[in-house]
Each structure stands twice: as C-alpha cells, then as structure tokens.
Amino acid sequence: MMNKFLLRVTAGILIFLPLLLPSPSLAAPPTNDDFDSATTIPELPFTDNMDATDATWSQDDPQDCSSNGSVWYSYTPSTDLRIEANTFGSSYDTVLSVYTGSRGALSMLYGACNDDYEGLQSYLHFDAVGGTTYYFLIATCCGSGNHGGGNLHFVVQELEVPPPPENDNFADAMTITQLPFSDTFDNSGAGLEASEPIPNCVSRPDLTSTTWYAYTSVDDRTVTALFGAQFQVALAVYTGSSLSNLSELDCYRWGGPLSIQTVPGTTYYFQVSSLYRNFGSVWFDLDYAPPPRADFWFYPQDPSAFDTIHFSDWSWDEAHIGVETYAWDFGDGTTETGCCPTHRYERDGDYEVQFDIVTFDGRSASTSKIIEVRTHDVAITKLNAPRSAVSGQTRQITVEINNKRYPGLVEVRLYKSVQGGFEYFGSLTQLVPVRPSNRTTTFKFTYTFTSEDADIGKITFKAIANTLDRRDAWPADNELIAPPTKLFR
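Figured I'd write up the structure that's included with this text. (Residues numbered from 1 in each chain as written. Predicted model: local features only at pLDDT ≥ 70, side-chain atom pairs only at ≥ 80, totals over all residues. Heavy atoms only, no water.)

1. Comments concerning the nonpolar core
One recurring pattern in soluble globular proteins is that nonpolar side chains are buried together.
Okay, step 1: Grouped together as the largest cluster of nonpolar side chains are 26 residues, with contacts concentrated most on I41, Y73, I83, F126, F136, F154 and V156.
Okay, step 2: Mapped onto this core, the elements with two or more residues apiece are β2 (46-51), β3 (70-75), β4 (81-86), β5 (94-102), β6 (105-115), β7 (123-128), β8 (134-140) and β9 (151-159).
Okay, step 3: In this structure I41 touches F46, Y73, S74, Y75, F136, F154 and V156, once residues within four positions along its chain are discounted. (Core = buried A, V, L, I, M, F, W, Y, C linked by side-chain atoms within 4.5 Å. Buried < 20%, exposed > 50% of the residue type's maximum accessible area, 1.4 Å probe, protein only. Helix = DSSP H or I, 4+ residues; strand = E, 2+ residues; numbered from the N terminus. Contact = heavy atoms within 4.5 Å.)

2. Looking at the state of the cysteines
Okay, step 1: All chains considered together, the criterion is met by two disulfides.
Okay, step 2: Sulfur-sulfur distance for the disulfide between C65 and C113 comes to 2.0 Å. Taken together, the residues span a long stretch of sequence, with C65 in the loop between β2 and β3 and C113 in strand β6 at a distance of 48 residues.
Okay, step 3: Put simply, C201 and C251 are joined by a disulfide, and their sulfur atoms are 1.7 Å apart. You can see C201 sitting in the loop between β11 (181-186) and β12 (207-216) and its partner C251 sitting in strand β15 (residues 247-253), a full 50 residues away along the chain.
Okay, step 4: According to the relative accessible area criterion, C251 is buried, its value standing at 12%. (Disulfide = S-S within 2.5 Å.)

3. Concerning the pattern of salt bridges
Okay, step 1: On inspection of all chains with the given rule, the structure shows 15 salt bridges.
Okay, step 2: Between D36 and R103 there is a salt bridge, and its shortest N-O distance comes to 2.7 Å. In this pair, D36 is assigned in the loop between α1 (2-20) and β1 (39-40) and R103 in the loop between β5 and β6, connecting sequence segments 67 residues apart.
Okay, step 3: For R103, a relative accessible area of 29% corresponds to the partly exposed category.
Okay, step 4: We note a salt bridge from E479 to K462, for which the minimum N-O separation is 4.0 Å. Of this pair, E479 sits in strand β34 (residues 479-481) while K462 is found in strand β33 (residues 461-467), placing the two residues 17 residues apart along the sequence.
Okay, step 5: On the accessibility criterion, E479 (42% relative accessible area) is partly exposed. (Salt bridge = Lys/Arg side-chain N within 4 Å of Asp/Glu carboxyl O.)

4. Side note on the sheet that holds β7
Okay, step 1: The strand order β2-β9-β4-β7 describes an open sheet built from four strands, whose pairing is antiparallel. Each edge of the open sheet carries a strand with a single partner, namely β2 and β7. In this sheet, adjacent strand axes meet at a mean angle of 15° when their direction is disregarded.
Okay, step 2: Sheet topology note: the β2/β9 ladder contains six bridges and is antiparallel. Residue pairing across strands places D48 opposite F154, the latter belonging to β9. (Pairing = 2+ DSSP bridges. Axes fitted to C-alpha atoms, helices over the stretch in contact; angles between N-to-C directions.)

5. Some words on the packing of aromatic side chains
Okay, step 1: Here the structure, examined in full by the defined rule, presents 36 aromatic pairs.
Okay, step 2: Each ring, one from F35 and one from Y135, has its centre 4.6 Å from the other, and the planes form 45°; the classification is tilted. Of the two residues, F35 sits in the loop between α1 and β1 while Y135 sits in strand β8, which places them 100 residues apart along the sequence. Across this residue pair, the class does not change: F35 and Y135 are buried.
Okay, step 3: Members of the aromatic cluster, joined through ring pairs, are F296, F298, F311, Y326, W328, F330 and F355.
Okay, step 4: Residue placement shows R82 over the ring face of F279; its charged tip is 3.7 Å from the ring centre.
Okay, step 5: Taking NZ or CZ as reference, K369 lies 4.7 Å from the ring centre of F296, over its face. (Phe/Tyr/Trp six-rings, centres within 6.5 Å; stacked < 30°, edge-to-face > 60°. Lys NZ or Arg CZ within 6 Å of the ring centre and 35° of its normal.)

The values are spatial; any link to function lies outside them.
Have a look at this one:
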C-alpha cells in the first residue's frame, strides 16, 4: 500500500515539475525595433551591423513599402547636404524608406522607397535640409506579418554635390544656334532660382531642379523637343525676356514630344525640370518637326464589286500636332475627304488609291496602295438526288457548280437530314473553270442508303459550296437542298 502511495506522489511531482522549472526566455526584438527607440545617427559617415532576425512590426508603422518586421534609424543634419543610404552586404531582402514628421504623422519622401537594388539590397539618395530629422525604416521584403530579417548592414554617408551645370539659371540659358540640337548633361548640381516659374504640369513640392535652353526662331516652322532620363523629368517652354515676365506656352512630362509653332525672331526658353529629388543624366533634343507619316487601312482586304469598302486613317504625327485634312483619290475618277470614307467599285480591276494628309501646322504626307477588286462568285445551280431508293442501295448524287468569273478551287460539302437538322457525311474538292452561258462543273457523290434511312421513310440532301482560294462575293447562292428521296425496304 505504501509503495502505491509513493508511486502516485512521485508521478505527481514529475507532472508538475516542468511548471516549477524556469522556462527558456523568448528572443527579444532589436533595441531600435520601435519608432520611439530609433537608433540616432550622430554623424556621417555611419555604419551599423546588427541582427534584425527578431524585428517586429508596429500597428502604426507606415505601410508604404512593406509591413514586415523592421528597425528604425534617425538623423538630423546640421546643414543642407546630399545623403546616400544603402543596405549592401545584408543577408536578407531589405526594403529601405525615408520619412519626416512624427509618429502617426510620418510623410515619406517621394521616391524614397527602394527594394531590390542590384539584388536583394536597397539603395537611395536624397537632398536633406539642415535641421530636419529624417527617419530610416528598414523592413523585410515582402508580404505582411511580423517576421524579421537577418544580419543587417546599414550605411549612411554624404554624397559630394558636383558644381551646377552652366545653364542652371535662366540668365545663363544655353543658346541653340542651329537645328538639330542635342545635349546630355548631369543635373546633380542643378538647383532652383527663387523666382523661377513652376510649370503647369508640375506641382511645386515635386520640382527639384531645372536647367535652361534658349532658341530664337529664324522661320515659322514647327520645332519638336524630346527629353528624358532614368527618372521623372518635365519640359516647359516659355516666351519672354526675364523670369518675371515669362509666359508658358506648353508643358509636358514623361519625355515628350513637345511641339510649338515658332514665329521668326521670337526667342523660346525651354525649362528642363527634374522631379522628386532625383538627379543624374538627362538628355534634351530639339529639331524641326518631322513630316507626318501617311497610312490607311481598308476592309475587306479582298473586295469585290458587291462590297462597300471601309477606309480608315492610320496616319501618325510624331510631333503630336495632329492631322487637319484628309484627301482620298480612289483611282476610278472619284474622290473624298475626311478620315474614314466608304467606297464601292463598279467593276473588277486594280485601283491605285492616293491618300494625302496635312497637319494643323501645314506639314504634309502622301501614300498610295493598290486595291485589287476581284469578284469571285460560284453558285450551285442543281442538286440531283434520286426520287426513291431501297435500303442497301448505292446511288449517285451530283452537284452542279456554275462559275462565270475566275477559275478556282471549290469544295462542296454534302449533308443528309437527321432528326433535328442535317449531318455532314462527305466532301469533294476540284478546280472549277470559268464556263460560258449556263454550263456547269459536276461534283459526283455516292451514297448507300441504310436501314435507318428506311425506318424514317425518306432522306433529304443539302449541298454547300465554298471557294478555297478567294472569298465568295455572293454566298447566298452557294447552298441548295434537294427534294426528299423516298425510302423502301
């Protein structure tokens, strides 16, 4: 009895012993896991190596770029400077973003969200304002959750700002003496003048820097500007003589084209703008607007004398001025205007269609195409089937095809009646020559009548003809149904 008691006591101790022993401690998140405990960057250059495996995500963390486990850094420069930040050398896929503001009211710098720069790491740069605190959020890519990353290698350093381009200011606009003109430049050192106009297609906070070009027209031709970079840029064109009296003519983003009709003796100022704190290589081209490219499309592509042909303008103006007038000569003595006329030719033949366009600024272009009008038309004139037949009997069924226009391959498909409609059972293909008057070409089929046909008591045959090498212009007479054949056993 005592032994049983001891066994029960011992078992009870073993059951509750794990509750009495200290449990292993959970891994703690990094010290800069939360916004309020962001690691302060004292000076540049700055480098930090840390384990972000157990980083978590706070509910009020911004989700602009990621919503996985993250860590925070903060830096307040004393003067204006250009900053570069990267996570090169980290062991996991990072997402790097930069914010200003306070907890719950953070504002991300435009373009300051980078993932997958040359692999799994992140890189960004921006112009910092002295006295402003910038918060770096380094999260794990991708998806959502609280899982962290791995070994983080974080570097923040100052970038040297090169001298501004020679045409950084309006007064120093680069003079364009002849066309075509092309220039590629680094806008890294470019800035903004205090009284510089803001283009209508750009909002003031987005504008980072500008450079200027000046062109004095020698004639009244249209000029077209093209521009671009690996980041967003904009182009505006003005007339005037100083920053205080410029009048904007047009503005365009995403690389152009931007076209203007010039007046001889007038100077036009082109303002190339960098947006969203981006900088690097930018190109700007100016040339006379090229002529438009005239082109048209028509349907059907194989017209006949029965068809009304639909014509459509497919022209293109690279200068984006647009086409004002359209002129058509259909090659049969008739003409038309407008973008999308229709026309019908009375007889077969080859017709050269001439198409001329003129843009709103007077540039013109022409093109022509040969339209081959061919009226292919065959008809089933007779379908001969026996009036009666006996089950098991094989009889001939003939289809007569008339063709008065062009020789061609014709397929005749033969169908027999079944409950609910017709069922295909055979086809023949042969060359059908052009025959005068009502002479025809015969297609000869054979059919063996079945006991199932005899059970019904009758069978009806239907023939359908199709031209194989050209569309039939009048298919309404390509089908014929024979009188029913009576069946006997």
